[in-house]
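# Chains, contacts and geometry: an overview
For reference, the chains in residue letters:
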Amino acid sequence: MEGRYEVIAEAGHYALVLALALALIQSTVPLWGARRGDAVLMGVADGTAFGQFIFVALAFAALTFAYVTSDFSLLNVVENSHSAKPMIYKVSGVWGNHEGSMLLWVLILVLFGGAVALFGSNLPARLRANVLAVQGWVSTAFLLYLLAASNPFTRVDPAPLEGRDLNPLLQDIGLAIHPPMLYLGYVGFSIAFAFAIAALIEGRIDAAWARWVRPWTLAAWLFLTLGIAMGSYWAYYELGWGGFWFWDPVENASLMPWIAGTALLHSAVVMEKRAALKVWTVLLAILAFSLSLLGTFLVRSGVLTSVHSFAVDPTRGLFILIILAVFVGGSLALFGLRSGTLRQGGLFAPVSREGALVLNNLLLTTATATVFVGTLYPLALEAVTGGKISVGAPYFNATFGPLALALLIAVPFGPLLSWKRGNLFWAAQRLWIAAGFALIAWAVTLYIEGFTSILAPFCVALSAFVIIGAFAEIVERARLLRVPPGEGLKRLTGLPRSTWGAAFAHCGLGIMLLGVTAATSWNVERIDMMRPGESFEVAGMDLVLLETGMRDGPNYQDFVARFAVREGGVEKAVTESSKRVFAVREMTTTEAGLVTFGVSQLYVSLGEISNEEGVAVRAEWKPLVLLIWIGPLLMSLGGALSLADRRLRVGAPRPARPRLQPAE
Amino acid sequence: MRRILLLLVLLLAAPAHAYDASGALPDAAQEEKARALFRELRCMVCQNQSIDDSDAPLAKDLRALVRERVAAGDSEETIKTFLVERYGDFVLLKPRFSAANLLLWGAPVLAFAVGGAIVVSSLRRRKKLADGRPLTDDEKRRLDTLLGD
């Protein structure tokens with residue numbers, strides 16, 4: 001490393017300090033301005049928000065530069081990089097470690113702050129000043145945390161010649177996508193949080209508030225959905241045993257804000273349309289971000305994987321715990337004090353769209369509470385009684401499962417109920433096609449299954465009901481079955497995008513359920529020792545081990561096994577599965593061979609290798625497995641469609657263009 | 001030479017999943033029962049993995065133990081009790097219903113009940129607000145005079 005570039009890391013470090021100074025100004029001055037009604041003081045927030053973004057972006061660029069040029073005078077680079085690491089992992093490795101990922105967290109936080117300043121010109125000045133001030137509090141806390149306890153720019157002297165490389169499990173394209181997506185979601189909820197706190201400070205909240213909060217929440221939710229789905233697929237192909245969700249505490253940490261965020265999206269609809277559920281929506285906005293903070297704490301402090309992580313680095317865990325306590329405690333206290341000032345409005349009967357959304361919120365909140373208790377119970381119990389227990393997948397399947405199924409039964413009904421007072425019977429009549437398909441699906445599955453299980457056929461029927469029922473509102477609103485097709489088509493295209501968005505998102509839920517059911521109930525597994533030339537049968541296909549051998553990669557070596565997949569003697573596909581050995585960290589990862597047939601996959605991974613018996617091969621036929629991730633993709637698509645709805649672009653009215661008449 | 005070293009590393013770094021291809025019980029029903037149990041037992045040296053998923057030596061030993069017990073005809077409950085006596089409650093991925101776990105298992109029910117109660121009470125309160133209080137005699141009289149003429 002040539003000396004003249006080393007100053008860049010110093011500049012990055014300094015930029016963080018400057019960002020902190022701006023954050024402190026943003027935390028106080030606009031708030032003061034909003035109190036006094038001083039437009040100049042309130043206007044300060046815009047400049048500080050942009051400034052913070054620029055400085056944190058500079059710091060991030062400086063750290064990226066250090067990674068790209070392998071500047072081993074930075075401790076963070078030494079511990080997580082290696083000069084032989086491929087360039088893409090040098091870049092994504094910036095956030096593949098504690099300090100760097102916290103820097104990414106803050107970068108996204110100030111990105112959202114800057115976005116509010118940029119796109120929030122239509123917000124009332126006071127609300128905007130308060131929102132940005134609250135954003136300032138959050139960024140102050142996390143910038144302090146970065147500088148005091150997780151500084152990515154810490155030097156090491158003398159600088160070693162080589163780094164210790166990145167954890168091999170993270171050397172994957174997944175690292176480039178999964179954390180940024182997840183953080184865009186996590187941190188995106190900070191906007192909803194800031195709006196909620198601002199509303200409490202002002203003691204004023206109205207339908208327009210919900211209209212401003214919804215797009216931000218929707219965007220955060222969309223990214224979180226993609227982030228979680230991406231993480232799930234990554235675990236599926238990388239961890240080597242083909243699971244897609246493990247109910248691991250770290251996964252739960254991302255699931256909790258997602259469920260709370262989903263509830264928030266729905267309650268914000270009620271607030272926007274009917275000015276009801278105001279207090280509840282504000283509380284949910286606080287909860288969604290609090291759970292994001294909790295997630296950050298659980299993952300970043302290491303308290304979950306091992307309770308001893310506190311002892312290893314007590315400052316870090318303690319620091320985030322204090323941030324967590326201050327923000328969650330403070331906001332809930334403020335809520336307790338001020339929520340009485342928010343007027344409730346909008347009456348509705350229990351059976352109505354509002355009522356359905358309340359049921360949605362009740363079930364989602366219960367689900368969140370279940371995941372919360374299940375995740376933290378072992379910690380709490382150990383702290384109180386010293387007893388050690390495990391809460392794993394079987395617990396969550398038994399508790400979260402029924403809640404999710406109950407919610408899914410209700411999903412198709414919700415959009416068909418009218419506001420204020422709905423008619424359940426009328427809604428049920430609109431769902432007869434979906435119910436018919438569900439019944440057929442149930443009968444067919446039961447027949448194929450040979451009447452051995454109850455749950456799987458039920459879940460398949462429910463998926464059919466949800467997938468088809470999701471479009472019942474569209475059919476109804478376009479009057480598809482009652483008007484001539486041409487007219488119906490015209491009505492279809494005229495429907496608001498948010499209606500389509502809801503339909504796709506709900507349909508995605510059904511598709512995901514179908515994938516989960518099929519992949520867990522009809523998974524066929526075969527494990528055997530194999531030598532080149534040998535084959536075995538799995539799910540009606542022959543898996544032939546063609547050859548095995550060694551291959552060199554940039555910073556690893558592969559033990560590769562090539563397989564052919566044959567059906568009735570005809571070769572369908574060739575795939576490779578490998579064990580990847582990373583010399584620097586002395587770690588092995590499994591690269592599974594995936595053969596895709598439609599939306600099903602054959603999953604081939606390697607186990608033990610012995611000279612006498614050959615290599616252990618695990619082949620799994622996973623029917624419809626890809627639906628598990630296609631579902632969330634569809635949900636995100638629904639979110640994006642909803643985001644594109646023109647009703648959400650308030651304050652940006654485009655003058656109606658006079659239609660040009662063709663010249664005579 | 002390097003190839004041999006590499007193989008050595010491959011062998012030493014315990015692969016992260018369960019492949020004892022040879023260990024399966026001959027009786028399919030018994031093997032099924034054993035596999036179901038594997039999924040409920042924690043590999044205690046791993047990070048949140050069941051012994052069905054893990055290939056740590058301990059998980060391997062536990063699998064052999066469970067299979068042995070299943071083959072001997074022990075019930076699921078007996079095997080679990082045996083393992084809990086040996087390794088503590090930590091080994092069970094699905095905690096038992098016990099006084100200490102009351103809050104854990106009660107949480108979903110409690111959350112739903114409390115949430116439901118809040119919903120019902122606030123709906124009632126709102127309905128009452130909407131129905132409004134009955135008119136006082138004075139107000140009735142005024143209404144009558146207004147409507148009367």
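Details of the structure are given in the entry above.
Residues numbered from 1 in each chain as written. Chains lettered and ligands numbered in written order. Predicted model: local features only at pLDDT ≥ 70, side-chain atom pairs only at ≥ 80, totals over all residues. Heavy atoms only, no water.

## A short note on the interface of chain A and chain B
One frequent convention defines the size of an interface as the accessible area lost when the parts assemble. To be explicit about the condition: Contacts are assigned to residue pairs with any non-hydrogen atoms lying within 4.5 Å of each other. Put simply, buried area is the surface a 1.4 Å probe can reach on two separate parts but cannot reach once they are joined, added for both. The salt bridge criterion pairs a side-chain nitrogen of Lys or Arg with a carboxyl oxygen of Asp or Glu, the two atoms within 4 Å. Whenever two N or O atoms come within 3.5 Å, that pair is a polar contact, provided that in protein one can donate a hydrogen and the other can accept it, and provided that, for residues adjacent in sequence, both atoms are side-chain atoms.
Between chain A and chain B, the contact holds 54 residues from the first and 46 residues from the second. Carbon and sulfur atoms make up 66% of the area that chain A and chain B hide from each other, which totals about 4,300 Å². In this assembly, chain A and chain B are joined by 1 salt bridge. Between arginine 35 of chain B and glutamate 525 of chain A there is a salt bridge, and its shortest N-O distance comes to 2.7 Å. Linking chain A with chain B are 7 residue pairs in polar contact (both at pLDDT 80 or more).

## Considering the side chain of serine 577 of chain A
Residues and elements named next belong to chain A. Operational definition: The numbering of helices and of strands both runs from the N terminus, where a helix is a DSSP run of H or I of at least 4 residues and a strand a run of E of at least 2. Relative accessibility under 20% of the residue-type maximum defines a buried residue, over 50% an exposed one, and the middle range a partly exposed one, all with a 1.4 Å probe and only protein chains included.
One can find serine 577 in strand S5 (residues 570-582). Taking the relative accessible area as the measure of exposure, serine 577 reaches 0% and is therefore buried. A polar contact is formed between the side chain of serine 577 and the backbone oxygen of valine 604, at a distance of 2.9 Å. Dropping the residues within four chain positions of it, serine 577 is found in contact with Phe559, Val560, Ala561, Phe563, Glu591, Ala592, Gly593, Val604, Ser605 and Leu606.

## What about unusual backbone geometry?
All names here are of chain A. Put simply, aspartate 157 and proline 158 share a cis peptide bond, and its omega is 0°. Among the structural elements, proline 158 can be located in the loop between helix H6 (125-149) and helix H7 (173-202). A positive phi angle, close to 60°, is found at leucine 277, a residue other than glycine. Relative to the helices and strands, leucine 277 is located in the loop between helix H9 (249-274) and helix H10 (278-301). The exposure class assigned to leucine 277 is buried, which follows from its relative accessible area of 8%.

## Overview of the packing of aromatic side chains
Where we set the bar: Aromatic rings from Phe, Tyr and Trp, taking only the six-membered ring of Trp, are treated as a pair when their centres fall within 6.5 Å; an angle between ring planes under 30 degrees marks them as stacked, one over 60 as edge-to-face, and anything in between as tilted. Remark: a charge is flagged as sitting over a ring if the NZ atom of Lys or the CZ atom of Arg is within 6 Å of the ring centre and within 35 degrees of the ring normal.
Under the defined criterion, the tally for this structure stands at 24 aromatic pairs over all chains. Ring geometry for tryptophan 247 of chain A and phenylalanine 400 of chain A: centres 5.2 Å apart, planes at 65°, overall edge-to-face. Of this pair, tryptophan 247 of chain A sits in the loop between helix H8 (207-238) and H9 while phenylalanine 400 of chain A is found in helix H14 (residues 393-410), placing the two residues 153 residues apart along the sequence. Each member of the pair, tryptophan 247 of chain A together with phenylalanine 400 of chain A, is buried. Pairwise contacts between aromatic rings join Trp245, Trp247, Tyr395, Phe396 and Phe400 of chain A together with Phe97 and Trp105 of chain B into one cluster. Sitting over the face of the ring of tyrosine 556 of chain A, arginine 580 of chain A holds its NZ or CZ atom 4.0 Å from the ring centroid. Its end group placed over the ring of phenylalanine 82 of chain B, arginine 69 of chain B keeps NZ or CZ at 5.3 Å from the ring centre.

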